[in-house]
Amino acid sequence: MSRLALASLPPDAAARRESAARLELPGVWQGDVLTAQQGRVQPSGHALLDAALPGGGWPLGAMTEVLQPPQGGAEWPLVLPALARAAAQRGGQVVLVAPPAEPFAPALQAAGLPADRLCRVRPLPSRHDQSAAWASEQALRCRDVLAVLAWLPQAPPEALRRLQLAAAQQAALLWVFRPQDLRRQASPAPLRLWVVQGVPAIQGIQGAEGSPALGRAPELPAPAQVPGWPDGGRVPGVLQVHVLKRRGPPLMQPVPVCAHASALSAVLAAMRALKARRFPGDASTPAAQRPVPGASQGVAVHQERVHALDRRAFVAG
């Protein structure tokens, strides 16, 4: 539209028309609007998370950086539903580069990801994860690769940029898992998440106040701990997903994601119900009303019983 035509319109109408014209340009998006992801996406399998992701799922042909605490264990509950659906829809291998532990194949098989679709790569130790980053890049350039999951705790930004370019060439799924201490550093990943295991037992101490500047990661506090509680006072079975970077406005509140497979959740619920019937005195006091070590009076508290199977629930998705 010419400047003369814009000048003849009312100021508000001219601004809206010019804004709409900018949105029609490829690669241009507004920071205060959650835009659709350019290219295809793979639904994550978590409805609340899909609503927070541009396009409604994991981006294909782009890097997703996942930051998590040491000994995280949040990888499989987060990505397994999408991997199982993608493996059922199209061929290709799922390449695991430098995973910290060997995946439990029967649990992955039960969740819909066949074990014969997995390829585990154990590169030699190297400075700044050079070997693992190189192996990840080569896997992304292979046409027979469906997705790459890479654990790169020490990779420099230039290595991450090479992975982003390689993923874009083949439109593959790429997740890079790194320590949560790096969440305030810049990253070339278009989508950046910080995942914390469990929901805080004391409500209201986890969160972020204010509105950070666009384009910068929110200054989120570290997860709260309650002395004397299992897992530091965190309710198991739920992941908190903080969206640190996306094409859209900042998301100040974390997105809850179930860390248990539906079958395991049903088994645990049935076992808790059976225990409540066998030992009614032990279950007479609701969990939300039990005293909490270290908690002051008048603080809203929520606690869930911890079962032994919860300790390995993350392998089942």
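Owing to the predicted nature of the structure, the values given are computational and were not obtained by experimental measurement.

## Describing the overall build of the chain
Here is step 1 of the chain: Scanning the chain from N- to C-terminus turns up eight helices and 10 strands.
Here is step 2 of the chain: Burial statistics for the chain: of 317 residues in total, 42% are counted as buried.
Here is step 3 of the chain: Within the structure as shown, the chain displays about 16,700 Å² of accessible surface, and the carbon and sulfur contribution to it stands at 56%.

## Considerations on the pattern of salt bridges
Here is step 1 of the chain: Here the structure, examined in full by the defined rule, presents five salt bridges.
Here is step 2 of the chain: A salt bridge links Glu 137 to Arg 141, with the nearest nitrogen and oxygen atoms 2.8 Å apart.
Here is step 3 of the chain: Since its relative accessible area comes to 5%, Glu 137 is described here as buried.
Here is step 4 of the chain: Taking the shortest distance from any N to any O, the salt bridge between Glu 137 and Arg 162 comes out at 2.8 Å. Remark: Arg 162 occurs in helix α7 (residues 157–170) and Glu 137 occurs in helix α6 (residues 130–140); sequence separation between them is 25 residues.
Here is step 5 of the chain: In the salt-bridge network here, residues are joined through shared partners; they are Glu 65, Arg 178 and Arg 192.

## As for the side chain of Ser 136
Here is step 1 of the chain: By the element assignment, Ser 136 lies in helix α6.
Here is step 2 of the chain: Polar contacts involving the side chain of Ser 136 include one to the main-chain carbonyl oxygen of Ala 132, which spans 2.8 Å.
Here is step 3 of the chain: When sequence neighbours within four positions are dropped, the list of residues in contact with Ser 136 reads Val 97, Val 148, Ala 150 and Leu 163.

## Considering α6
Here is step 1 of the chain: Within the sequence span of α6, burial applies to Ala 132, Ala 133, Ala 135, Ser 136, Glu 137, Ala 139 and Leu 140.
Here is step 2 of the chain: Summarising the contacts, the buried residues of α6 are in contact with β4 (93–97), β5 (118–121), β6 (145–151), α7 and β7 (173–179).

## Looking at unusual backbone geometry
Here is step 1 of the chain: With a phi angle near 55°, Ala 98 is a residue other than glycine that sits in the positive phi range.
Here is step 2 of the chain: Tracing the sequence through the fold places Ala 98 in the loop between β4 and α5 (105–110).
Here is step 3 of the chain: Accessibility expressed as a relative area gives 25% for Ala 98, which makes it partly exposed.

## Some thoughts on the confidence of the model for the chain
Here is step 1 of the chain: Of all residues in the chain, 62% attain a pLDDT of 70 or more, and the chain-wide mean is 74.
Here is step 2 of the chain: Long-range and interchain partners of residues 201–233, a stretch whose pLDDT sits below 50, account for 72 contacts in this model, where long-range means more than four residues apart.

## Considerations on the pairing of β7
On a regular strand, one side chain projects to one face of the sheet and the next to the other, so that they alternate.
Here is step 1 of the chain: Within β7, six of the seven residues are buried, which leaves it mostly tucked inside the rest of the structure.
Here is step 2 of the chain: Strand direction decides the pairing type here: strand β3 (residues 62–68) and β7, joined by seven bridges, are parallel. When the sheet's bridge partners are listed, Leu 67 is paired in β7 with Arg 178.
Here is step 3 of the chain: Bridge count for β6 against β7 is five bridges, and the pairing is parallel. If you follow Leu 149 over to β7, its bridge partner there is Trp 175.

## Examining α7
Here is step 1 of the chain: Look at α7: 21 Å from first C-alpha to last across 14 residues, which is about the 20 Å you get at 1.5 Å a residue.
Here is step 2 of the chain: Taken as a whole, α7 has its buried residues at Ala 159, Leu 160, Leu 163, Gln 164, Ala 166 and Ala 167. Taken down its axis, α7 places every buried residue within 170° of arc, on the same side. Exposed residues on α7 whose side chains face more than 90 degrees from its buried face are Leu 165 and Gln 169.
Here is step 3 of the chain: The elements touched by buried residues of α7 are β3, α6 and β7.

## As for the packing of aromatic side chains
Here is step 1 of the chain: As enumerated under the stated definition, the model contains two aromatic pairs in all.
Here is step 2 of the chain: Relative to Trp 175, the ring of Trp 58 has its centre 5.6 Å away and its plane inclined at 85°; by these criteria the two rings are edge-to-face. Of this pair, Trp 58 sits in strand β2 (residues 58–59) while Trp 175 sits in strand β7, and the two are 117 residues apart along the sequence. Note on accessibility: Trp 58 and Trp 175 belong to one class, buried.

What counts, and at which threshold
Residues numbered from 1 in each chain as written. Predicted model: local features only at pLDDT ≥ 70, side-chain atom pairs only at ≥ 80, totals over all residues. Heavy atoms only, no water. Helix = DSSP H or I, 4+ residues; strand = E, 2+ residues; numbered from the N terminus. Buried < 20%, exposed > 50% of the residue type's maximum accessible area, 1.4 Å probe, protein only. Areas by Shrake-Rupley, 256 points an atom, 1.4 Å probe, with all protein chains shown as cover. Salt bridge = Lys/Arg side-chain N within 4 Å of Asp/Glu carboxyl O. Polar contact = N/O pair within 3.5 Å; in protein donor to acceptor, adjacent residues only side chain to side chain. Contact = heavy atoms within 4.5 Å. pLDDT = per-residue confidence, 0-100. Pairing = 2+ DSSP bridges. Expected span 1.5 Å × (residues − 1). Arc of directions from axis to C-beta. Phe/Tyr/Trp six-rings, centres within 6.5 Å; stacked < 30°, edge-to-face > 60°.

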